[in-house]
Amino acid sequence: MVNLDLPEIPLSLKSLQHYLKIASTHDQRDPVISYWCRLYALQTGLKLSTKSPKETNFLMKLMDWLETTKKELYDNEAITNDIAAQAHLENWALKLFLYADKNDRAANFGKNIVHSFFTAGLLYDVLTVFGELSEEAVQNRKYAKWKAAYIHNCLKNNETPLPGPIQENNEKTNFNKNIEEDSAIEAKEEDTLNTEDLVVISNTNPSDTIYSKTSEENVEEWSSENKDCNVVTKIEGGIELSVEQINKAQKFIKWSGSALNYDDVPTAVLNLRKALHLLTTGQELT
């Protein structure tokens, strides 16, 4: 998998850092998790972006990595097929959640349990790229994030956490506890699930997921608004092709292949001509 060399994350996009951290820790052992965490970060970043040069440069680097990785892992169904990808992420998020929950109920508290709960909660955020979460997933996400904050606060204050779900009428429980903004913890490397270190920060409030559009549509919309930073290559005559134009040409070629599947040669030829015209002139064939 291609290495990702991102510039320093702009302050306005700091909320993406947790998802990018999870991605980097999974690069070698699970590229599927890495890919979808970065795709979620890109989607969220596109919504948060104010189109500043630093933001644009950062998001373009991330976009380039996603495009290259998708081509490189074209034979991985969990990259190219949303249903397979969703199942893969759900399985890992649930595995982390159940591991943390089992240890929590057994009163085996530790930073690695906080880490597992917190990571599971973030992975449920990532799953929203496929649409709305199931009721069970919503509850798991809410509980995982709350448990991570609760156990962290207890450990920080030298208090013993209460194991398992906590009843609302338990006077010893403060459901409004949050991790303080300046606090951070590192997960233990001996985590039996081999999850890597992850900094936990209190005010992790992922932006609302873009449900109404696909990630491709969001990328295209953002790219069209940033034409100056969207040039990926130059062709003869000094003509510049943008990411949006390259994507459009790829669609024409894809549609041409689909037409041939139905023996529709004229449509296949027309789409190939459109792709060729766009790639050689920078203009769409009308």
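Preceding this paragraph is the structure being described.
Note that the structure is predicted; figures quoted are calculated from it, not measured. (Residues numbered from 1 in each chain as written. Predicted model: local features only at pLDDT ≥ 70, side-chain atom pairs only at ≥ 80, totals over all residues. Heavy atoms only, no water.)

The residue K251 is located in helix α9 (residues 243-261) in this model. Judged by its relative accessible area of 24%, K251 is partly exposed. Spatially, the C-alpha atoms of K251 and N271 are 8.8 Å apart, while their sequence positions differ by 20 residues. (Helix = DSSP H or I, 4+ residues; strand = E, 2+ residues; numbered from the N terminus. Buried < 20%, exposed > 50% of the residue type's maximum accessible area, 1.4 Å probe, protein only.)

Looking now at helix α2 (residues 31-48). Counted at 1.5 Å a residue, the expected span for α2 with its 18 residues is 26 Å, and the 25 Å between its end C-alpha atoms agrees. Among the 18 residues of α2, 15 are classified as buried, and the element is accordingly described as predominantly covered. (Expected span 1.5 Å × (residues − 1).)

Next up on the list: the pattern of salt bridges. If you walk through the whole model with that rule in mind, you get five salt bridges. In this structure, R38 and D27 form a salt bridge, with 2.8 Å as the shortest nitrogen-oxygen distance. Here R38, found in helix α2, pairs with D27, found in the loop between α1 (17-26) and α2; they are eleven residues apart in sequence, far enough to count as distant. You can call R38 buried: its relative accessible area is 3%. Ionic pairing is found between D101 and R105, a salt bridge with its closest N-O pair at 2.7 Å. Separated by four residues within a single helix, D101 and R105 lie in helix α5 (residues 82-105), roughly one turn from each other. It is possible to trace a salt-bridge network through shared partners that takes in D125, R141 and K145. (Salt bridge = Lys/Arg side-chain N within 4 Å of Asp/Glu carboxyl O.)

Another point: the packing of aromatic side chains. Aromatic ring pairs are defined here through the distance separating the ring centres and the angle between the ring planes. Within the structure shown, the criterion is met by eight aromatic pairs. Ring centres of Y19 and Y40 lie 4.8 Å apart, and the angle between their planes is 55°; this geometry places the pair in the tilted category. In this pair, Y19 sits in helix α1 while Y40 sits in helix α2, placing the two residues 21 residues apart along the sequence. Just as Y19 is buried, Y40 falls in that class too. The interplanar angle of 45° and the centroid separation of 6.1 Å between the aromatic rings of Y143 and W146 together place this pair among those described as tilted. Note that Y143 and W146 are positioned in helix α7 (residues 135-156) at a spacing of three residues, about one turn of the helix. These aromatic residues form a ring-pair network of at least three members: F97, F117, Y143, W146 and Y150. Its end group placed over the ring of W65, R38 keeps NZ or CZ at 4.4 Å from the ring centre. (Phe/Tyr/Trp six-rings, centres within 6.5 Å; stacked < 30°, edge-to-face > 60°. Lys NZ or Arg CZ within 6 Å of the ring centre and 35° of its normal.)

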